[in-house]
Amino acid sequence: MDLDLKRVHRQLSTRRIGRDLRYYPTIGSTMDVARALAEAGEAEGVTVVADEQTAGRGRLGRTWVAPPGVNLYVSILVRPTPATMKRLGMVAPLAVAEAVVAVGGPAVTFKWPNDVRAGGRKLSGILIESGFAGNVPAYAVVGIGLNVNLDARRYPEIAEIATSIAQECGRTVSREDTLAALLTAFERYYDCPDGAAVRAAWRAQLETLGQEVDVTFGGRTEHGLAEDVDDDGALILRRTDGTRVVLPAGEVTLRRPS
Ligand code: BTN
């Protein structure tokens, strides 16, 4: 069923984010549409939403399962300063967490760099793609996939690792209410002048801290204890030989060692 955009707008209390909502019943990926809008000079806050994606993508070139009628597939165009650019990876999961709570969903945790999890499974994934003019960020597209009413058990490729708000709380949830809450919370965290407060709120829900992890990036794997995160959301890993390494939240895979 199509999203009821009037219901979203009625509840939206933002100034920019999601005020201009571009809705597609079906699209390849909302990331591509949002990127094209960014390149065409559209203003910060324009948000692309689809009911279904036929080529939804995740981090590290993975596919994002995106069937119609059940979930939220959202790409938000922002034009951040260098400082706010670094914060996007914290702002987006915080906004998801707040939206989930607002609709009566389960308690969530974050898995570094920016997965949102509930009941030990992935509830939401975030993909950030950016465009630069020289060294200066020109825009970022923040892609958020949030499983709202999905029955992940029907999709063998994600059945064991994914969940949805409905699956966790045992009832169907309004996608419109969830979207309005998500965009409202996103703007608040994005506009928050206190970067330290944003980091503290994100860090408080980060289940990765204190865990032993393997982090793979650029063909290299680091093993150690996830000790802390720095102001930019990079992971500070204590290797078994006692040395520390800082791993930026980019194209990385994080695994618990088996
Ligand atoms: C991940 O965890 O790998 C990130 C998943 C991001 C999925 C969202 S759905 C909306 C937007 N459009 C896409 O094609 N991907 C992102």
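Definitions and cut-offs
- Residues numbered from 1 in each chain as written.
- Predicted model: local features only at pLDDT ≥ 70, side-chain atom pairs only at ≥ 80, totals over all residues.
- Heavy atoms only, no water.
- Helix = DSSP H or I, 4+ residues; strand = E, 2+ residues; numbered from the N terminus.
- Rg over C-alpha atoms; globule rule 2.2 N^0.38 Å.
- Buried < 20%, exposed > 50% of the residue type's maximum accessible area, 1.4 Å probe, protein only.
- Contact = heavy atoms within 4.5 Å.
- Areas by Shrake-Rupley, 256 points an atom, 1.4 Å probe, with all protein chains shown as cover.
- Lys, Arg positive; Asp, Glu negative; His and termini not counted.
- Charge placed at Lys NZ, Arg CZ, Asp CG, Glu CD.
- Axes fitted to C-alpha atoms, helices over the stretch in contact; angles between N-to-C directions.
- Left-handed = near helix turned anticlockwise from the far one by under 90°.
- Nonpolar A, V, L, I, M, F, W, Y, C, P; charged D, E, K, R; others polar.
- Near = heavy atom within 4 Å.
- Polar contact = N/O pair within 3.5 Å; in protein donor to acceptor, adjacent residues only side chain to side chain.
- Salt bridge = Lys/Arg side-chain N within 4 Å of Asp/Glu carboxyl O.
- Pairing = 2+ DSSP bridges.
- Phe/Tyr/Trp six-rings, centres within 6.5 Å; stacked < 30°, edge-to-face > 60°.

J.: It is not clear to me how the overall build of the chain should be interpreted in this structure. Could you clarify?
T.: Each helix and strand in the chain was counted, giving six helices and 12 strands. Radius of gyration (C-alpha) of the chain: 18 Å, near the 18 Å computed for a compact globule of 258 residues. When its C-alpha atoms are laid out on the principal axes, the chain stretches across 55 × 45 × 30 Å. Out of the 258 residues belonging to the chain, those deemed buried represent 53%. Sequence-distant contacts, at least 24 apart, represent 64% of the contacts inside the chain between residues at least 6 apart. If you sum the accessible surface of the chain, you get close to 11300 Å²; carbon and sulfur atoms cover 51% of it. Mean positive and mean negative side-chain charge positions of the chain (31 and 32 charges, respectively) differ by 1 Å.

J.: Honestly, the packing of helix α3 (residues 82-102) against helix α5 (residues 175-191) in this entry has me stumped. Any pointers?
T.: Axes are the key here: two packed helices are described by the angle between their axes and the distance separating the axes. At their nearest, the axes of α3 and α5 sit 8 Å apart, and the two run at 145° to each other. As α3 packs across α5, the resulting crossing turns out to be right-handed. Across from T84, R87, L88, V91, A92, L94, A95, V96, E98, A99 and A102 in α3, the residues of α5 making contact are T178, A181, L182, A185, F186, R188, Y189 and Y190. Within the contact of α3 with α5, the residues separate by chemical class into 14 nonpolar, two polar and three charged.

J.: Quick question: what am I supposed to make of the site of the ligand here?
T.: The local shell around the ligand holds 20 residues, among which S29, Q53, R57, R59 and K122 are the closest. Note that an oxygen atom of the ligand is positioned 2.6 Å from one of the side-chain N or O atoms of K122. Against a free-state accessible area of 420 Å², the protein chains account for coverage of 99% of the ligand. For the shell around the ligand, the elements supplying multiple residues, two or more each, are α2 (30-39), β3 (72-78), β6 (121-133) and β7 (136-146). If you tally residues by element for the shell around the ligand, the top one is β6, at four residues. Its residues assigned to classes, the shell around the ligand shows seven nonpolar, nine polar and four charged.

J.: Before we go on, may I ask you to explain the pattern of salt bridges in this structure?
T.: Close approach of charged atoms allows side chains with opposite charge to pair. Scanning the model with the defined rule gives 23 salt bridges in all. The partner of D191 in a salt bridge is R16, and the shortest N-O contact between them spans 2.9 Å. In this pair, D191 sits in helix α5 while R16 sits in the loop between α1 (5-11) and β1 (21-27), placing the two residues 175 residues apart along the sequence. Judged by relative accessible area, which is 23%, R16 ranks as partly exposed.

J.: I tried to follow the pairing of strand β10 (residues 235-239) on my own but got confused; where do I start?
T.: Moving residue by residue along a regular strand, the side chains alternate between the two faces of the sheet. Of the strand pairs in this sheet, strand β9 (residues 220-229) and β10 are connected by five bridges, and their pairing is antiparallel. Looking at β10, one finds that L225 is bridged to R238. Count of turn residues in the β9/β10 antiparallel hairpin: five residues, of which G233 carries a positive phi of about 90°. For β10 and strand β11 (residues 244-247), the ladder comprises four bridges, and the chain directions are antiparallel. Within β11, the position partnered with I236 by the bridge is V246.

J.: For this particular structure, what's the right way to read the pairing of strand β8 (residues 212-217)?
T.: Burial of the side chains of β8 is restricted to one face: V213, V215 and F217 are buried, whereas none of E212, D214 and T216 on the reverse face is. Pairing of β8 with β9 involves six bridges; the strand directions are antiparallel. Bridged to T216 within β9 is T221. Linking two consecutive strands that pair antiparallel, namely β8 and β9, is a turn of two residues; a positive phi of about 50° is found at G218 within it.

J.: What am I meant to see in the side chain of T14 here?
T.: Along the chain, T14 turns up in the loop between α1 and β1. Here the side chain of T14 touches I17 through a polar contact of 2.7 Å, landing on its backbone oxygen. Beyond its immediate chain neighbours, meaning those up to four positions away, T14 contacts R19, L183, T184 and E187.

J.: What is the right way to read unusual backbone geometry from this model?
T.: With the exception of glycine, the majority of residues adopt a negative phi angle, and the majority of peptide bonds are in the trans configuration. Following W112, the chain continues into P113 via a peptide bond in cis, with omega recorded as 5°. On the secondary structure map, P113 appears in the loop between β4 (109-111) and β5 (115-118). Phi is positive for L60, which is not a glycine, with a value near 55°. Looking at where L60 falls in the secondary structure, it is placed in the loop between β2 (47-53) and β3.

J.: Whenever I open this one, the packing of aromatic side chains confuses me. Can you help?
T.: How two aromatic rings sit relative to each other is given by the distance of their centres and the angle of their planes. All chains considered together, the criterion is met by one aromatic pair. With 5.9 Å between their ring centres and 20° between their planes, F186 and Y190 make a pair best called stacked. A residue pair is termed a helical-turn pair when its members lie 3 or 4 positions apart in one helix, as F186 and Y190 do in helix α5 at four residues. Here F186 falls in the buried class, since its relative accessible area comes to 0%.

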